[in-house]
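Listed here are the chains, written in short residue letters.
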Amino acid sequence: MPHSQRPALSGLLLAAVGAIAFSGKAIIVKLSYVYGVDAVTVIMYRMLFALPFFIAMGLWAERQAIARANPLTRRDVLSIAGLGFVGYYLSSYLDFLGLQYITASLERLILYLNPTLVVLLGWVLYKKPVQPIRMVAMGVSYSGVLLVFAHELTLSGADVALGSGLIFASAITYAVYLIFSGQMVNRIGALRLVGWATSVACVCCILQFVLLRPISAAQVPVAVLGLALLNALACTVAPVLMVMMAIERIGAALTAQTGMIGPMATIALGVWVLNEPLNIWIGAGTLLVLSGVFIVSKYGTR
């Protein structure tokens, strides 16, 4: 294999594995709920186990040349804290809440609308024009989600509407994070921003548990602790690093397109591990969502 091709192939592999690892989060959360624990407890343990790694990530980033040349200002610290609260803490908490009511497959499809939400927020906040083809593509994506939503609504009732609303709110908060973090990444560095912002989110999740739950609620089955550790390492820390390494090798656009394997991985894992249904409605909805997001990503720079 030519040496010049190795970074591209390794980047594609990192992007694919990272997308699959991210997708496993919903499966692990659903498995945790089987033991009778709630979203506050599950997300607390996930972030508690992940916190040391994100702190280490932030400290390592501070030693790099870009950090030494651009020391954090008070405004930077406040911005990072705000982004961590909205983009990681609030988004994750809403996601975990929503997973109590809907399937992992529908959750992943809703979250995968994120690129379209970034486009819409860019239009609302910065008056960025939206090309007609991207408007059509967004319509295709949302029709796919509505197709799966309508099917689940007939099977599970009002809980699906509540869960879908929570997941959609999660997607919006993360889109807000992406919009505003883009203004900081070039100056302070992506690894530095992710390390400290996620550390803020971890602390918020731990404080939330301390404030809302008695200490006795921390006594959970050993299986829940094992799932939380797996979620923290395999579905949180590892994919963050893999996706960032992939972006360095193949760029953000190709990394995002490779990440389209994520919804399909979630559906496959949901069927295999959780015995969730696999039918023509889910298949058609997934195809529509992926098609629309692909077009939005493809024409993202035009």
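Residues numbered from 1 in each chain as written. Predicted model: local features only at pLDDT ≥ 70, side-chain atom pairs only at ≥ 80, totals over all residues. Heavy atoms only, no water.

With respect to the nonpolar core
Link 1 in the chain: Formed by 44 residues in total, the largest nonpolar core has its most connected members in Tyr-33, Phe-96 and Val-194.
Link 2 in the chain: Elements with a minimum of two residues in this core: α1 (6–33), α2 (39–62), α4 (74–98), α8 (158–188), α9 (190–212) and α10 (222–250).
Link 3 in the chain: When residues in this core are grouped by element, the largest group, 12 residues, is from α2.
Link 4 in the chain: Apart from the residues within four sequence positions on either side, Val-194 is in contact with Met-57, Tyr-88, Tyr-177, Val-240 and Met-244. (Core = buried A, V, L, I, M, F, W, Y, C linked by side-chain atoms within 4.5 Å. Buried < 20%, exposed > 50% of the residue type's maximum accessible area, 1.4 Å probe, protein only. Helix = DSSP H or I, 4+ residues; strand = E, 2+ residues; numbered from the N terminus. Contact = heavy atoms within 4.5 Å.)

Considerations on the environment of Thr-236
Link 1 in the chain: In this fold, Thr-236 is placed in helix α10.
Link 2 in the chain: Sequence separation between Thr-236 and Leu-146 is 90 residues; the distance between their C-alpha atoms is 28 Å.
Link 3 in the chain: Not counting residues within four places of it along the chain, the set of residues in contact with Thr-236 comprises Phe-22, Arg-46, Phe-54 and Asn-231.
Link 4 in the chain: For Thr-236, the side chain forms a polar contact with the side chain of Arg-46, separated by 3.0 Å. (Polar contact = N/O pair within 3.5 Å; in protein donor to acceptor, adjacent residues only side chain to side chain.)

With respect to empty space enclosed by the protein
Where empty space is left becomes clear once a probe the size of a water molecule has been rolled over the atoms.
Link 1 in the chain: Tallied over the full model, the rule gives one cavity of 30 Å³ or more.
Link 2 in the chain: Within this model, the largest cavity holds a volume of roughly 40 Å³.
Link 3 in the chain: Along its surface, the largest cavity is lined by Ile-28, Val-29, Ser-32, Val-42, Arg-46, Val-224, Leu-227, Ala-228 and Asn-231.
Link 4 in the chain: Within the residue set of the lining of the largest cavity, elements represented by two or more residues are α1, α2 and α10.
Link 5 in the chain: Broken down by element, the residue count for the lining of the largest cavity peaks at four residues, all from α10.
Link 6 in the chain: Across the lining of the largest cavity, the residue classes break down as six nonpolar, two polar and one charged. (1 Å grid on protein atoms, 1.4 Å probe; cavity = no way out; pocket = protein on both sides within 12 Å on 5 of 7 lines; lining within 4 Å. Points joined across faces, edges and corners; volume = space filled by probe spheres on them. Nonpolar A, V, L, I, M, F, W, Y, C, P; charged D, E, K, R; others polar.)

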